[in-house]
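Commentary on secondary and tertiary structure
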Amino acid sequence: MAERPYIVGNWKMNGTRAMLPEARAIDRAAQRNMKVEVAIAPPFTLIHAVHREAEQIGVGAQDCSCDPDGAHTGDISATMVADSGAKFVILGHSERRSAHNETDAMVAAKVRSALDAGLRIILCCGESEATRDKGEAESFVLNQLRTSLPETDNAAEKVTVAYEPIWAIGTGKTASLEDIEAMHGAIRALLVETYGEEAGPAVRILYGGSVKPENAREILSLSNVDGALVGGASLSAESFLGIAVAASEAEEA
Ligand code: PGA
């Protein structure tokens, strides 16, 4: 593992200003646990407020438009995301792909816009249960990444990959430890092929899908698992921080 473990909370479409005390509590605890890098991606409407609360944690968005500006009612550009105080954006989440018909090509265009706006990227990939049952999980995921991983200068420094099997998101099911390790190993090989022997190993690969304090330590101890993208369990400071503590224990072990 190249850097500190990276634990990112994806609040999805949850949270009003009433959630700000949770963000504050996460930030205060993160100041004490320096072994772990902690970040939250709240809804767009809370980015600025969370950014103002946060001294330690990173703040990001859950999506951005691929267009720079113009007549796109309801959309938010990467520049606007950066202007609101966000430092990164989650792109290609399976909920965006399924509910908003985002293709790999659209995700790739969003990646370019986000990099142009100076944002870091958490690029999501993951297979459906049917794809895994057919034995095609690895080729599917690697293909998603081949299409959307940026190859511009220094891109590796800006990218984090999140492997999230779709059937494990919000279901309470997690992939087996063997399957997680095998997929993360395959993704690492692709990153080395794409970015070279020096930069490829330094790109962080997060696991996501029903990560909680009870299972975080064993998942985060696996090789090539450099952190977690956490949905449901990031909505309370207590459970999210439980995952951060598990990450620091896994790091020490
Ligand atoms: P979950 O969501 O932790 O609720 O499964 C993870 C995600 O979608 O990023």
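Further up the page is the structure itself.
A brief report on the enclosed structure follows. What you are looking at is a predicted structure, and each value in this text was computed from that prediction instead of being measured. (Residues numbered from 1 in each chain as written. Predicted model: local features only at pLDDT ≥ 70, side-chain atom pairs only at ≥ 80, totals over all residues. Heavy atoms only, no water.)

So, the site of the ligand
For clarity, the cut-off: Summary of the distance rule: residues count as near a molecule or strand when at least one heavy atom falls within 4 Å of that molecule or strand. Two N or O atoms form a polar contact when they lie within 3.5 Å of each other; inside protein one atom must be a possible hydrogen donor and the other a possible acceptor, and for residues adjacent in sequence the pair counts only when both atoms belong to side chains. A 1.4 Å probe and the Shrake-Rupley method give the accessible areas. Residues count as covered only by the protein chains that appear here.
By nearness alone, 13 residues border the ligand, and Lys12, His93, Glu164, Gly170 and Ser210 come closest of all. Contact between the ligand and Glu164: an oxygen atom at 2.6 Å from a side-chain N or O atom of the residue. One of the backbone N or O atoms of Ser210 is found 2.8 Å from an oxygen atom in the ligand. Taking 280 Å² as the accessible area of the ligand by itself, protein coverage stands at 95%.

Description of the sheet that holds strand E7 (residues 204-208)
Note the following rule: Between any two strands, at least two bridges found by DSSP are needed for them to pair. Starting at the N terminus, helices and strands are each numbered in turn, a helix being any DSSP run of H or I of at least four residues and a strand any DSSP run of E of at least two. Comment: axis = line fitted to C-alpha atoms, over the contacting stretch for helices; angle = value between 0 and 180 degrees taken between N-to-C directions. In what follows, residue pairs with any heavy atoms lying within 4.5 Å of each other are defined as contacts.
Read around the barrel, 8 strands follow the order E1-E2-E3-E4-E5-E6-E7-E8 and close on themselves; strand pairing throughout is parallel. Taken pair by pair, the neighbouring strands of this sheet meet at an average axis angle of 25°, ignoring direction. Pairing geometry for strand E1 (residues 6-10) and strand E8 (residues 227-230), over 4 bridges, is parallel. Considered in E8, the bridge of Tyr6 is made with Gly227. Taken strand by strand, helix H9 (residues 177-199) contacts strand E5 (120-125), strand E6 (159-163) and E7, and its axis lies near 150° from that of E7.

Observations concerning the state of the cysteines
Basically, it comes down to this: Note on disulfides: each one is a pair of cysteine sulfur atoms within 2.5 Å.
Across all of its chains, the model carries 0 disulfides by this definition. Of the cysteine sulfurs around Cys66, a residue in no disulfide, the closest is that of Cys64, at 8.2 Å. Here Cys124 stays unpaired: no disulfide links it, and the sulfur of Cys125, its closest cysteine neighbor, is 7.5 Å away.

Section: the packing of helix H5 (residues 104-116) against helix H7 (residues 137-148)
What counts, and what does not: Working rule for angles: under 35 degrees goes down as roughly parallel, over 145 as roughly antiparallel, 65 to 115 as roughly perpendicular, anything else as oblique. Crossing handedness is read from the near helix: turned anticlockwise from the far helix by less than a right angle, it gives a left-handed crossing, and turned clockwise, a right-handed one. For this classification, Asp, Glu, Lys and Arg are treated as charged, while Ala, Val, Leu, Ile, Met, Phe, Trp, Tyr, Cys and Pro are nonpolar and the rest, including Gly, are polar.
The interhelical angle for the contact between H5 and H7, taken along N-to-C directions, is 45°, at an axis separation of 8 Å. By the criterion of interaxial angle, the relationship of H5 to H7 is oblique. Remark: the crossing between H5 and H7 carries right-handed chirality. Along its contact with H5, which presents Asp104, Val107, Ala108 and Val111, the element H7 presents Gln144, Thr147 and Ser148. Of the residues that constitute the contact of H5 with H7, the class distribution is 3 nonpolar, 3 polar and 1 charged.

Concerning the environment of Val225
Keep this limit in mind: Residue burial is assigned from relative accessible area. The probe radius is 1.4 Å, only protein chains are included, and a residue is buried under 20% of its type maximum, exposed over 50%, and partly exposed in between.
Here Val225 is to be found in the loop between helix H10 (213-220) and E8. Residue Val225 is classed as buried on the basis of its relative accessible area, which comes to 0%. Sequence separation of Val225 and Tyr163 is 62 residues, and the distance between their C-alpha atoms is 9.5 Å.

Thoughts on the pattern of salt bridges
Inclusion rule: Any Lys or Arg side-chain nitrogen found within 4 Å of a carboxyl oxygen on Asp or Glu counts as a salt bridge.
This structure, assessed with the given rule, holds 17 salt bridges. With a shortest N-O distance of 3.4 Å, Asp179 and Arg132 are connected by a salt bridge. In this pair, Asp179 is assigned in helix H9 and Arg132 in helix H6 (residues 129-133), connecting sequence segments 47 residues apart. Its relative accessible area of 29% is what places Asp179 among the partly exposed residues. Between Glu249 and Arg217 there is a salt bridge, and its shortest N-O distance comes to 3.6 Å. Of the two residues, Glu249 sits in helix H11 (residues 237-252) while Arg217 sits in helix H10, which places them 32 residues apart along the sequence. For Glu249, a relative accessible area of 34% translates into the label partly exposed.

Examining the nonpolar core
Inclusion rule: Buried Ala, Val, Leu, Ile, Met, Phe, Trp, Tyr and Cys residues that are joined via side-chain atoms within 4.5 Å together make up what is termed a nonpolar core.
The biggest cluster of nonpolar side chains holds 72 residues, and the ones touching the most others in it are Ile7, Leu145, Leu149, Val161, Ile187 and Tyr207. Per-element accounting of this core gives the leading share, 8 residues, to H11. Among residues more than four places away in sequence, those in contact with Leu149 are Leu123, Val159, Val161, Leu190, Leu191, Thr194 and Tyr195.

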